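# Secondary and tertiary structure notes
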Amino acid sequence: DAMVIQNPRYQVTQFGKPVTLSCSQTLNHNVMYWYQQKSSQAPKLLFHYYDKDFNNEADTPDNFQSRRPNTSFCFLDIRSPGLGDAAMYLCATSRVGQEVYFGPGTRLTVT
Amino acid sequence: QQQVKQSPQSLIVQKGGISIINCAYENTAFDYFPWYQQFPGKGPALLIAIRPDVSEKKEGRFTISFNKSAKQFSLHIMDSQPGDSATYFCAANSGYSTLTFGKGTMLLVSP
């Protein structure tokens, strides 16, 4: 059974057109993460939540926003996607100090 | 500042051989060291992890060796198979901190 679910798996958006990626989890983990991964690179943390406490990485562009309406769901909003935002976006979850589990990712294409 | 250095960047091993990937860390506060396996187009999957109270952990064909004094840890894949061909990431964290990833190793196991 899928534990970290990401929708959609593939997303195509136009330059400058807002897009939202979603993540849900069935693990009841209190920590949720969003990572950006570009080709042949390691995942790069954008932000994470401890419960509802939002933590933004210092180098995450303002163009990226996130919402976590409840324990199970988390959203990544890209307000004005640029060509450089084309990447795989990975959602992950964990309990504090425990194993981190990744979802299958959403491949974002910006045209 | 990269806190986890991973080598080699790429590795070719013959079927049945041993694959060895090494990581070195700088932050002595790190106390959790996972390895992730990632196939193209998929999210990273937790493969095996170790904490510094042991020097070795084995799960099937996968073994982590950990050297606390040298601040190094390595992944050994015994009897490597073509299906093991993937990118492997080492990572580290401590307590409430988020994962710090190595840059990854692309492993190709030739038939």
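Residue and element names in this part refer to chain A. Buried residues dominate strand β3 (residues 19-25), accounting for six of its seven residues. Strand direction decides the pairing type here: strand β1 (residues 4-7) and β3, joined by four bridges, are antiparallel. Among the inter-strand pairings, Q6 is bridged to a residue of β3, identified as C23. Here six bridges tie β3 to strand β8 (residues 73-78), and the two strands are oriented antiparallel to one another. Note on β8: the bridge partner recorded for S24 is F73.

Right, let's get into the environment of T26 of chain A. All names here are of chain A. Relative to the elements of secondary structure, T26 occurs in the loop between β3 and β4 (31-37). Take T26: its relative accessible area is 55%, and that puts it in the exposed class. For the pair formed by T26 and T93, sequence separation is 67 residues and the distance between their alpha carbons is 9.9 Å.

This part takes up the state of the cysteines. Residues and elements named next belong to chain A. Across all of its chains, the model carries two disulfides over all chains by this definition. The disulfide bridge from C23 ends at C91, spanning 2.0 Å between sulfur atoms. Disulfide C23-C91: the torsion about the S-S bond is -75 degrees, which places it as left-handed. In this pair, C23 is assigned in strand β3 and C91 in strand β9 (residues 87-94), connecting sequence segments 68 residues apart. Judged by its relative accessible area of 0%, C91 is buried. Summary of cysteine pairing: C74 is not part of a disulfide, and the nearest cysteine sulfur, belonging to C91, is at 5.9 Å.

The rules behind these values
Residues numbered from 1 in each chain as written. Chains lettered and ligands numbered in written order. Predicted model: local features only at pLDDT ≥ 70, side-chain atom pairs only at ≥ 80, totals over all residues. Heavy atoms only, no water. Buried < 20%, exposed > 50% of the residue type's maximum accessible area, 1.4 Å probe, protein only. Helix = DSSP H or I, 4+ residues; strand = E, 2+ residues; numbered from the N terminus. Pairing = 2+ DSSP bridges. Disulfide = S-S within 2.5 Å.

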